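Remarks on the overall topology
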Amino acid sequence: DRFAYVAMEGERLVGFADMDHEGYIDRLFVSADHQRMGFARQLFERLIQDALRNDILEMTTEASITARPFFQSMGFEVEQKQSVICRGVALTNYRMRKFIQE
């Protein structure tokens, strides 16, 4: 019940992304060896196409510190800085939102 994609380089998996039907992007990941090569942008553009086809008016995510600049470059705005506990460690992330226009 999700939109999900993988990015491949030949036979090698280099990234993946998924979004639910409410527009929440749960995961968008590209391996460190394949960043800044357009894979994340291509994955994101597929999710935008799904959103448009399914009348999803906005997309949200909770981006890590390192993912925040990518999402901002895709038109997301920070709604709130958050501190979440993962395996006993406090991590900073950002709740972000993008309103979709055709």
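Report on the accompanying structure. (Residues numbered from 1 in each chain as written. Predicted model: local features only at pLDDT ≥ 70, side-chain atom pairs only at ≥ 80, totals over all residues. Heavy atoms only, no water.)

Before going further, it helps to examine the packing of aromatic side chains. This model, assessed by the stated rule, comprises five aromatic pairs. A centroid spacing of 5.1 Å and a plane angle of 80° characterise the contact between Phe-71 and Phe-76, whose relative ring orientation is edge-to-face. The exposure classification of Phe-71 matches that of Phe-76, with both residues buried. By the ring-pair criterion, three or more aromatic residues cluster together here, those being Phe-44, Phe-70, Phe-71 and Phe-76. Against the face of Tyr-94 rests Arg-68, its NZ or CZ located 4.5 Å from the ring centre. (Phe/Tyr/Trp six-rings, centres within 6.5 Å; stacked < 30°, edge-to-face > 60°. Buried < 20%, exposed > 50% of the residue type's maximum accessible area, 1.4 Å probe, protein only. Lys NZ or Arg CZ within 6 Å of the ring centre and 35° of its normal.)

A surface patch of nonpolar side chains, about 280 Å² in accessible area, is lined by Val-6, Met-8 and Leu-13. Structurally, Leu-13 is set in strand β2 (residues 12-19). (Patch = residues over 30% accessible without salt bridge, like charges linked within 9 Å, V, L, I, M, F, W, Y side chains within 5 Å. Areas by Shrake-Rupley, 256 points an atom, 1.4 Å probe, with all protein chains shown as cover. Salt bridge = Lys/Arg side-chain N within 4 Å of Asp/Glu carboxyl O. Helix = DSSP H or I, 4+ residues; strand = E, 2+ residues; numbered from the N terminus.)

The next subject is the pairing of strand β3 (residues 24-30). Taken together, the five bridges between β2 and β3 define a ladder with antiparallel strand orientation. Each bridged residue has a counterpart across the sheet, and for Asp-18 the counterpart in β3 is Arg-27. What sits between β2 and β3 in their antiparallel hairpin is a turn of four residues, with Gly-23 showing a positive phi close to 95°. As paired elements, β3 and strand β4 (residues 58-64) share two bridges and run parallel to each other. Within β4, the position partnered with Ile-25 by the bridge is Thr-61. (Pairing = 2+ DSSP bridges.)

What follows concerns the nonpolar core. Counting residues in each nonpolar core, the largest one holds 24 residues, and the members touching the most others are Met-19, Ile-25, Phe-44, Leu-47, Met-59 and Phe-76. Here this core gets seven residues from one element, more than from any other, and that element is helix α1 (residues 39-53). Setting aside residues up to four positions removed in sequence, Ile-25 forms contacts with Asp-18, Met-19, Phe-44, Leu-47, Met-59, Thr-60, Thr-61, Phe-71 and Phe-76. (Core = buried A, V, L, I, M, F, W, Y, C linked by side-chain atoms within 4.5 Å. Contact = heavy atoms within 4.5 Å.)

All right, on to the pattern of salt bridges then. Counted according to the given criterion, the structure contains eight salt bridges. Between Arg-97 and Glu-58 there is a salt bridge; the shortest N-O distance is 2.3 Å. Pair noted here: Arg-97 is in strand β6 (residues 89-99) and Glu-58 is in strand β4, with a separation of 39 residues, a long-range link. The exposure class of Glu-58 is partly exposed, given its relative accessible area of 27%. Residue Arg-95 pairs with Glu-79 through a salt bridge whose shortest N-O separation is 3.8 Å. Of this pair, Arg-95 sits in strand β6 while Glu-79 sits in strand β5 (residues 77-86); the two residues are 16 residues apart in sequence, bridging distant segments of the chain. For Glu-79, a relative accessible area of 41% translates into the label partly exposed. In this structure, a network of salt bridges that share partners links the residues Arg-2, Asp-18, Asp-26 and Arg-27.

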